[in-house]
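Notes for the structure review
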Amino acid sequence: DEDRSRAWTGDSRAWVDVNSVPLTGVAGRLLRAMGIDTTKRSKWVPQVKMYTVFYLWFVVYVASEIGFTAWISPYATLQGFASEANAAMLTSIYYGAFTTTRLLSAAPPLARRISARWLLWSALAGSLASLCLMLLLLVPLPSSLHVGILWFGSSALGACQGPLWSAMLSLLSEEYGM
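These notes cover the structure that comes with them. Each chain carries its own residue numbering, running from 1 in the direction its sequence is written. This being a predicted model, a pLDDT of at least 70 is required before a residue's local features are given, and a value of 80 or more before pairs of side-chain atoms are given or counted; all residues contribute to the totals for chains, interfaces and linings. The side-chain quantities take in all heavy atoms of the structure and omit both hydrogens and water.

We now examine the layout of surface pockets. Considering only enclosed or pocket space, the largest pocket measures out at about 190 Å³ in volume. Points on a 1 Å grid over protein atoms alone make up a cavity when a 1.4 Å probe fits among them but cannot get out, and a pocket when they form an open set with protein on both sides within 12 Å along at least five of seven lines; lining residues each have an atom within 4 Å of a point. Lining the largest pocket are Trp-57, Val-60, Tyr-61, Ser-64, Leu-124, Ser-127, Leu-128, Leu-131, Gln-161 and Leu-164. A class-by-class count of the residues in the lining of the largest pocket yields seven nonpolar, three polar and no charged. Grid points are joined across faces, edges and corners, and a volume is the space filled by probe spheres set on the points. Residues are grouped as follows: nonpolar covers Ala, Val, Leu, Ile, Met, Phe, Trp, Tyr, Cys and Pro; charged covers Asp, Glu, Lys and Arg; every other residue, Gly included, is treated as polar.

Below you can see the structure in the form of structure tokens.
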């Protein structure tokens, strides 16, 4: 559509053809530094969209990691499922599983055998399954079951979130040659 490729300039009350205007300033310099030709819209717009999706993925991923680890210890303590020391161990279990699977997913023998797309989707499915399991904490169950769900859920979520970052970077490398 012609309207989608035009922008309102504001003061001059005229339309400018966006396709004919090369990016300048900070945005143009950043895109050119990444090797993106900003003079031809058809070449750099899909790459900018890809970078935007990757950035949003990164923000959501880090927010979920930090949010879970900030929530789990106080929750376990306030609900009476764990002492303060044991509640802190929940975070340690999460990060232990997280680090182990991140290292394993980036190990060259494993990385050559498993596609990044499969690793990404299986890690996302495992993360969602772990979170669904943790929703059982809302159901009135015996305290011992809640404790088991907390420990297993924390370790499973850490194990599933660990390879997400390296899988996303590998997928970008495979799909976009980055």
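Topologically, Ser-73 is positioned in helix H2 (residues 41-78). Polar side-chain contacts of Ser-73 include one of 3.0 Å to the side chain of Thr-91. In what follows, a contact means two residues having at least one pair of non-hydrogen atoms within 4.5 Å. Once you skip the residues sitting within four places of it in the chain, Ser-73 turns out to touch Ala-87, Ala-88 and Thr-91. A run of DSSP states H or I qualifies as a helix once it reaches four residues; a run of E qualifies as a strand once it reaches two. Both are numbered from the N-terminal end. Under the rule applied, a polar contact is a pair of N or O atoms within 3.5 Å (in protein, one hydrogen donor and one hydrogen acceptor; residues adjacent in sequence only if both atoms are side-chain atoms).

Our focus in this paragraph is the packing of helix H5 (residues 116-134) against helix H6 (residues 143-161). Contact geometry of H5 with H6 gives a least axis separation of 8 Å together with a crossing angle of 165°. Viewed along their axes, H5 and H6 adopt a mutual orientation that is roughly antiparallel. Helix-helix and strand crossings are classified by hand; for H5 and H6 the assignment is left-handed. Every residue of H6 that contacts H5 at Ala-123, Gly-126, Ser-127, Ser-130, Leu-131, Leu-133 and Met-134 is listed here: Ile-149, Leu-150, Phe-152, Gly-153, Ser-154, Ala-156, Leu-157, Cys-160 and Gln-161. The residue inventory of the contact of H5 with H6, partitioned by class, reads 10 nonpolar, six polar and no charged. Only the stretch in contact is used when a helix axis is fitted, and all axes are lines through C-alpha atoms; the angle between N-to-C directions ranges over 0 to 180 degrees. Oblique is the label for any angle not covered by the other classes, which are roughly parallel (under 35 degrees), roughly antiparallel (over 145) and roughly perpendicular (65 to 115). Each crossing gets its hand from how the near helix is turned against the far one by less than a right angle, where anticlockwise is left-handed and clockwise is right-handed.

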